[in-house]
Amino acid sequence: MFSLSLSFALLATRLVSLARAADVNFTFDIANDVVAPDGFERVGVINNGIFPGTLIQANKNDVLHIQTNNLLTDPTMRRSLTIHWHGLFQMRTASEDGPAFVNQCPVSPGHSYTYDIPLNGQAGTYWYHSHLASQYVDGLRGPLVIYDPEDPHLGLYDIDDETTVITLADWYHLPSVGIAAKFLQQKPFHEPIADSGLINGKGRFIGGPQVDWARVNVVAGKRYRFRCINMSGYAQYTFAIAGHSMTIIEVDGVSHEPLTVDSFVILVAQRYSFVLNADQPVDNYWISAPLEEHHQGDNPNLDANNVHAVLHYEGAPDADPTGAPDFNSKDPLQEHRLVPVFNPEAPGGAGPADHSIDLKFQEEVNATTGDRIWTINGLSYISPDLPTLLNILSNNFTGMGSFAPNENTIVLNFNETVELVIHGSAGGHTHPFHLHGHAFSIVQGMEGPKNFVNPPQRGKYVVGIGGSTVIIRFRADNPGPWFLHCHIDWHLEAGLAVVFAEAPPEERAGPQSLIIKQEYLDLCPIYNALPKELQ
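Keep in mind that what you see is a predicted model, and the values were worked out from it rather than measured.

Engineer: Explain the pairing of strand β12 (residues 196-199) here, please?
Structural biologist: Consecutive side chains along a regular strand alternate between the two faces of the sheet. Across the two faces of β12 the burial is the same, with S196 and L198 and G197 and I199 all buried. Pairing of strand β11 (residues 165-171) with β12, which is carried by 4 bridges, proceeds in the antiparallel orientation. Pairing of D170 across the sheet is with G197, part of β12.

Engineer: What should I look at first to understand the side chain of E407 in this one?
Structural biologist: Note on placement: E407 falls in the loop between α3 (388-394) and β25 (409-412). Although E407 is buried, it makes no salt bridge; R508 carries the closest opposite charge, 13 Å away.

Engineer: So what exactly am I meant to see when it comes to the sheet that holds strand β7 (residues 83-86) here?
Structural biologist: The pairing of strands in a sheet happens through backbone hydrogen bonds and is either parallel or antiparallel. The 4 strands are arranged β5-β10-β9-β7 in an open sheet whose pairing can be described as mixed. In the strand order of this sheet, the two ends are held by β5 (56-59) and β7, each with one partner. Direction aside, the axes of adjacent strands within the sheet are offset by 20° on average. In terms of strand pairing, β5 meets strand β10 (residues 141-147) through 4 bridges, oriented parallel. For A58, the partnering residue across the bridge sits in β10 and is I146.

Engineer: Help me out: how do you make sense of the pattern of salt bridges in this one?
Structural biologist: Opposite charge on two side chains allows them to pair when their charged atoms are near. The tally for this structure, following the rule as stated, stands at 18 salt bridges. Across the salt bridge formed by E250 and R227, the nearest N and O atoms sit 3.7 Å from each other. Highlighted residues: E250 in strand β16 (residues 246-251) and R227 in strand β14 (residues 223-230), separated in sequence by 23 residues. Of the two residues, E250 and R227, neither departs from the other in class, the shared state being buried. Among the ionic pairs, E363 bridges to R372, the shortest N-O distance being 3.6 Å. What emerges from the salt-bridge pattern is a single network uniting D151, D160, R225, R227 and E250.

Engineer: It is not clear to me how unusual backbone geometry should be interpreted in this structure. Could you clarify?
Structural biologist: Cis geometry is found at the peptide bond from F51 to P52, where omega equals -10°. The omega torsion of the bond from K187 to P188 falls at 10°, within 30 degrees of zero and hence cis. With a phi close to 70°, F101 is a non-glycine residue in the positive phi region. Here F101 shows up in the loop between β7 and β8 (112-118). Given a relative accessible area of 12%, F101 falls into the buried group. One non-glycine residue, H295, adopts positive backbone phi at about 60°. Structurally, H295 is set in the loop between β21 (291-292) and β22 (308-313).

Engineer: In this structure, what is going on with the nonpolar core? I would like to understand it.
Structural biologist: As a rule of thumb, soluble globular proteins bury nonpolar side chains together. Core analysis: the biggest nonpolar cluster contains 71 residues, and F239, F264, F274, L311 and L420 have the highest contact counts within it. When neighbours within four sequence positions are excluded, F274 is seen to be in contact with Y224, R225, F226, C228, F239, I241, M246, T247, I248 and F264. In this structure, Y115, Y128, L393 and W482 belong to the second largest nonpolar core, which totals 43 residues.

Engineer: I tried to follow the state of the cysteines on my own but got confused; where do I start?
Structural biologist: Linking two cysteines covalently via their sulfur atoms produces the bond known as a disulfide. For the structure shown, the criterion picks out 1 disulfide. Free cysteine: C228, not disulfide-bonded; nearest cysteine sulfur from C486 at 19 Å. What makes C228 buried here is its relative accessible area of 0%. Looking at C486, the relative accessible area reads 0%, which means it is buried.

Reading guide: rules and limits
Residues numbered from 1 in each chain as written. Predicted model: local features only at pLDDT ≥ 70, side-chain atom pairs only at ≥ 80, totals over all residues. Heavy atoms only, no water. Buried < 20%, exposed > 50% of the residue type's maximum accessible area, 1.4 Å probe, protein only. Helix = DSSP H or I, 4+ residues; strand = E, 2+ residues; numbered from the N terminus. Pairing = 2+ DSSP bridges. Lys, Arg positive; Asp, Glu negative; His and termini not counted. Salt bridge = Lys/Arg side-chain N within 4 Å of Asp/Glu carboxyl O. Axes fitted to C-alpha atoms, helices over the stretch in contact; angles between N-to-C directions. Core = buried A, V, L, I, M, F, W, Y, C linked by side-chain atoms within 4.5 Å. Contact = heavy atoms within 4.5 Å. Disulfide = S-S within 2.5 Å.

Next comes the structure, spelled out in structure tokens:
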């Protein structure tokens, strides 16, 4: 068993150092509530009775305390849960990151867990979602915004609050468990297609009711920082606002030099902050976000182009814009043009990395079961029974040989420069790969030249259609087990993931060792005592 005495001493020391930070408390009641964001009523996995879930707002030096109460009872969906706080680095708090069986055991039905997360000066636009199987597709997802009173772009905007958060989501009428099983087990292995696309929790499907479009209110003459978050399980969007340009200032929590565009593609789990000047005639303007999912014609309910909201100027009629949405982009975002404001050079500069890792992915069929799988370097990820974090802390897992082959776990040494070369057979998709615990530099993207001087930085990246090669770099300065996976949730279900066991000795002891609390250690015994149907 892992010794608690050292753990509690470290926790007490840490709490003293955080005494000047504000404690920000939230309560999440996760229940099987009925919601109808596109007019079709279904039972979901819902936070505090609303979709999207409760907006978390805090400042960059605060400490979040999110009491999560598991009230789930519906047997057609997973009844245990975890929550991942997407984009937060979790320095010394890898136990709070959320991925089931990488970082924690799930929270059992009828039980609670409080996620304690020091923000350590991190600011930007984030979100949260379940990280157990495909559960977040059923509704457990919501926005998270961390404000910076010293934001380098503060002079560019007047308004940045709860009214300027824009969420995009794909929405399914059927529970995720059943449609995931069909995808994995039945040919032609097509990913499940959403029934509708939503902006700020409102959308329409073919044959459904004419749900009112979400409305985003502005006042003429004001400048707004909008924070756009793609909370989908599968869909990517092309986002634009008729008659208005957008100046991008933040990408996945990282401040970038202002770049003005008239549209941008936003993949699963990505976020952009942009400044919009409300300088057009007082009127209503279409916000458009047509979505794309491979084989999207499989679902006759989906109208992929009919994803809209309304930018409403104060004083304009209380109505939709006149005329049909019609937007032709002349200046779309090209990702390689983004330049980070701080520490722009790639880790290690143009010199060789300390640790270069080649990751080749492809879709396959399991030779034994006949199921669809996705693999990286020939292995489809299968989680261990005991979370990777606890195997490192309690069972002294340190080297590559400690982990089972299908855990697909790669050990990194503390503070080394890591270069990932990601490539493979994309299968007609643009794969949004997400690395937990880090932001990283995109040395070679899907477009543009190789760049070590000032490449874009973000908390996720994408390997493009056709299997192009992407090169990213980061420094292994955050001890913990960190997931790297495709954020198309159906592909993660099929095993498209690896785990980095980053600096195992430093996870156990020293100034960056992990903070572990008794409430966390209690999760596994409670979960393991559950019958299979409640897990």
